[in-house]
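Observations on the three-dimensional arrangement
The primary structure of each chain is shown beneath.
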Amino acid sequence: MPMTRNDALALDAQDPLAPLRAQFALPEGLIYLDGNSLGVLPRRTAERVQEVVTAEWGVGLIGSWNSAGWMQLAPRVGDKIARLVGAGAGEVVAADSTSVNLFKVLSAALTIARTDAPGRQRIVSERSNFPTDLYIAESLARERGFELVLADADELPQHLDSRCAVLMLTHVNYRTGRMHDMAALTRAAHSAGALTVWDLAHSAGAVAVDLRGADADFAIGCGYKYLNGGPGAPAFVWANPKHAERFWQPLAGWMGHAAPFEFTPGYRPAPGISRYLCGTPAVLSLAALECGVDTVLAAEPYGGLPALRAKSVALTRLFAELVEARCPQLALASPREDDRRGSQVCFAHPDIAYPVVRALIARGVVGDFRAPDILRFGFTPLYLRFVDAFDAALHLQAVLEQEEWRRPEFNQREAVT
Ligand SMILES: *Cc1c(COP(=O)(O)O)cnc(C)c1O
């Protein structure tokens, strides 16, 4: 029996996570399937940022570094994120961007590899990894005398050999939503004598991640996607405690110093992950990020990440099935197997992916286009309903059947797709 709109409404009525949607200031009537690119504004954020601006900054001024706990923000938000990625307290800090954090951890991993296994020359990654990850790796490889080797996802294990220093992967692929088996690949890398660096940009807050369980070496992730931290929110960084006193900070700044206010001329790294701070923390952005992370932690009484993940899987499966049944023009580009798919569903069309996405946006269904041929739909279980997945599929069918994508205004490329 094909699913009806009433069936979708019935699923929402039974959804134990449904109350979490009220945390968000979602524009009326919008179906937002782009929380994997920029999460929705939490209701609490505007009020909290206003308080930081007017009271903490405006009145407290410089004294707020102490009295408002500004210095504790980066580790405090880090501790909250740690609960979402299987890391321990004191193991994560929120700082800088994902790109910059990748530079730090990849540099540290290369340094450890050079010391422990000097002959190894290769950084192995996936050809379809997010470009900034590949650019950072390419640049570090050039600077440090390593070679960046790119492989297709299925061929990665073949590249884990005595030449491999570091396996650097994004857990969930940004274009297809394909999810790697972090534990298995980390095990394979370790038995080949290599270290692992994981980018959790499309995992943190949507997929249950167990960094310690997988015994990963380093991880980074994004604050503005499923963590709802706001545009350009600080990212986060984790290092396995077994490397605690060994990983070097290539951007050795005073905030990562053991005693920044002693103003000594020599660098002495802070213990543990705090050394991955560099300059002065972005207080306003960290305050907003904390509100975003809190929206995910608010799921804890309802079953936490396993419950969010179960809903995400149900939403993506429903949407994929509906679109496959109703839009034969589109090819599913995401894994059909639930356990290999992150929190997004992607379809490919060789010619009209871009204008179809634009026509959908005009109907109030926000997904995005990823060059050259992908229509991408992210499903954030915190604020999406089953009826949203149902309605979005029907809008997509209508755009295709009525050929709305032909309209000239949908065929002009904007700067940000
Ligand atoms: C979103 C994303 C980034 C973003 O990096 P920024 O430094 O925040 O621009 C990096 N890597 C991956 C895999 C991403 O999905």
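Residues numbered from 1 in each chain as written. Predicted model: local features only at pLDDT ≥ 70, side-chain atom pairs only at ≥ 80, totals over all residues. Heavy atoms only, no water.

Right, let's get into the site of the ligand. The full set of residues close to the ligand is Ser 97, Thr 98, Ser 99, Phe 130, Thr 132, Asp 133, Thr 170, Asp 199, Ala 201, His 202, Tyr 224 and Lys 225. Between the ligand and Thr 98, the relevant distance is 3.4 Å, taken from an oxygen atom to a main-chain nitrogen or oxygen of the residue. Taking Asp 199, its side chain carries an N or O atom lying 3.0 Å from a nitrogen atom of the ligand. Protein chains shield 86% of the accessible area of the ligand, which is 380 Å² for the free molecule. Taken atom by atom, the bulk of the ligand overlaps the largest pocket. Across the shell around the ligand, the residue classes tally to 3 nonpolar, 6 polar and 3 charged. (Near = heavy atom within 4 Å. Polar contact = N/O pair within 3.5 Å; in protein donor to acceptor, adjacent residues only side chain to side chain. Areas by Shrake-Rupley, 256 points an atom, 1.4 Å probe, with all protein chains shown as cover. 1 Å grid on protein atoms, 1.4 Å probe; cavity = no way out; pocket = protein on both sides within 12 Å on 5 of 7 lines; lining within 4 Å. Sits in = over half its atoms within 2 Å of the grid points. Nonpolar A, V, L, I, M, F, W, Y, C, P; charged D, E, K, R; others polar.)

The next subject is the environment of Arg 178. Residue position: Arg 178 is located in the loop between strand E5 (164-170) and helix H7 (182-191). Taking the C-alpha atoms as reference points, Arg 178 and Asp 339, 161 residues apart in sequence, are found 9.3 Å from one another. In this structure, Arg 178 is in contact with Ala 153, Asp 154, His 171, Val 172, Asn 173, Pro 335 and Arg 340, ignoring residues within four places of it in sequence. A polar contact of 2.7 Å, which involves the side chain of Arg 178, links it to the side chain of Asp 154. (Helix = DSSP H or I, 4+ residues; strand = E, 2+ residues; numbered from the N terminus. Contact = heavy atoms within 4.5 Å.)

The side-chain alternation of strand E7 (residues 218-221) yields two buried faces, one formed by Phe 218 and Ile 220 and the other by Ala 219 and Gly 221. For strand E6 (residues 195-199) and E7, the ladder comprises 3 bridges, and the chain directions are parallel. Counted as the bridge partner of Asp 199 is Ile 220 from E7. In this structure, E7 lies alongside strand E8 (residues 235-239), joined through 4 bridges in antiparallel fashion. Bridged to Ile 220 within E8 is Val 237. (Buried < 20%, exposed > 50% of the residue type's maximum accessible area, 1.4 Å probe, protein only. Pairing = 2+ DSSP bridges.)

Taken together, the 4 strands give an open sheet; going across it, the order is E9-E10-E13-E12, and neighbouring strands pair in antiparallel fashion. The strands lining the two open edges of the sheet, one partner per strand, are strand E9 (331-332) and strand E12 (368-370). Pairing analysis gives 5 bridges linking strand E10 (residues 344-348) to strand E13 (residues 374-378), with the strands arranged antiparallel. Within E13, the residue paired with Phe 347 across the bridge is Leu 375.

The strand order E2-E8-E7-E6-E5-E3-E4 describes an open sheet built from 7 strands, whose pairing is mixed. Among the strands making up the open sheet, the edge pair consists of strand E2 (92-95) and strand E4 (147-151). Taking the axes of each pair of neighbouring strands and ignoring which way they run, one obtains an average angle of 20 degrees across the sheet. This element, helix H5 (residues 98-116), spans E2, strand E3 (122-126), E5, E6, E7 and E8 of the sheet and lies at about 170 degrees to E7. Its contacts with the sheet put helix H6 (residues 131-144) on E3, E4, E5 and E6, and the angle it makes with E4 is roughly 150 degrees. (Axes fitted to C-alpha atoms, helices over the stretch in contact; angles between N-to-C directions.)

As a further point, take the pattern of salt bridges. Between side chains of opposite charge, a pair can form as their charged atoms come close. Throughout the structure, instances matching the rule amount to 34 salt bridges. A salt bridge links Arg 21 to Asp 388; the nearest nitrogen and oxygen atoms lie 3.7 Å apart. Of this pair, Arg 21 sits in the loop between helix H1 (5-14) and strand E1 (31-32) while Asp 388 sits in helix H12 (residues 386-401), and the two are 367 residues apart along the sequence. You can call Arg 21 partly exposed: its relative accessible area is 22%. What makes Asp 388 buried here is its relative accessible area of 3%. Note that Glu 290 and Arg 76 form a salt bridge whose closest N and O atoms lie 2.8 Å from each other. Taken together, the positions of Glu 290 in helix H9 (residues 283-297) and Arg 76 in helix H4 (residues 73-85) put the pair 214 residues apart, joining distant regions of the chain. (Salt bridge = Lys/Arg side-chain N within 4 Å of Asp/Glu carboxyl O.)

On to the side chain of Asp 34, then. Its location among the elements puts Asp 34 in the loop between E1 and helix H2 (43-57). The side chain of Asp 34 sits in the buried core without any salt bridge; Arg 376 is the nearest counter-charge, 4.3 Å away. The contacts of Asp 34, once residues within four sequence positions are left out, are Val 366, Gly 367, Asp 368, Arg 376 and Gly 378. (Lys, Arg positive; Asp, Glu negative; His and termini not counted.)

A word on the packing of H2 against H9. At a minimum axis distance of 9 Å, the contact between H2 and H9 shows a crossing angle of 150 degrees. Classified by the angle their axes make, H2 and H9 are roughly antiparallel. Crossing angle aside, the handedness with which H2 passes H9 is right-handed. Within the contact between the two elements, H2 uses Arg 44, Thr 45, Arg 48, Val 49, Val 52 and Val 53 and H9 uses Val 283, Leu 284, Ala 287, Ala 288 and Cys 291. (Parallel < 35°, antiparallel > 145°, perpendicular 65-115°, else oblique. Left-handed = near helix turned anticlockwise from the far one by under 90°.)

It is worth spelling out the side chain of His 243 at this point. Inspection of the secondary structure assignment puts His 243 in the loop between E8 and H9. Other than its neighbours up to four places away in sequence, His 243 contacts Ile 112, Leu 195, Asp 217 and Phe 218.

A few words now on unusual backbone geometry. In the segment running from Ala 371 into Pro 372, the intervening peptide bond is cis, with an omega of 0 degrees. Of note, Pro 372 is situated in the loop between E12 and E13. The phi angle at Asp 96 is positive, at roughly 55 degrees, despite the residue not being glycine. With respect to the element layout, Asp 96 can be found in the loop between E2 and H5. Residue classification places Asp 96 among the partly exposed residues on the basis of a relative accessible area of 33%. You will see that Asp 215, though not glycine, has its phi angle at about 60 degrees, which is positive. Among the secondary structure elements, Asp 215 is positioned in the loop between helix H8 (211-214) and E7. A relative accessible area of 29% means that Asp 215 is categorised as partly exposed.

The next subject is the pairing of E13. With 5 of its 5 residues buried, E13 lies for the most part within the structure. Taking every second residue as pointing to the same face, both faces of E13 are buried, with Ile 374, Arg 376 and Gly 378 on one and Leu 375 and Phe 377 on the other. Hairpin geometry of E12 and E13 is characterised by an intervening segment of 3 residues between the two adjacent antiparallel strands.

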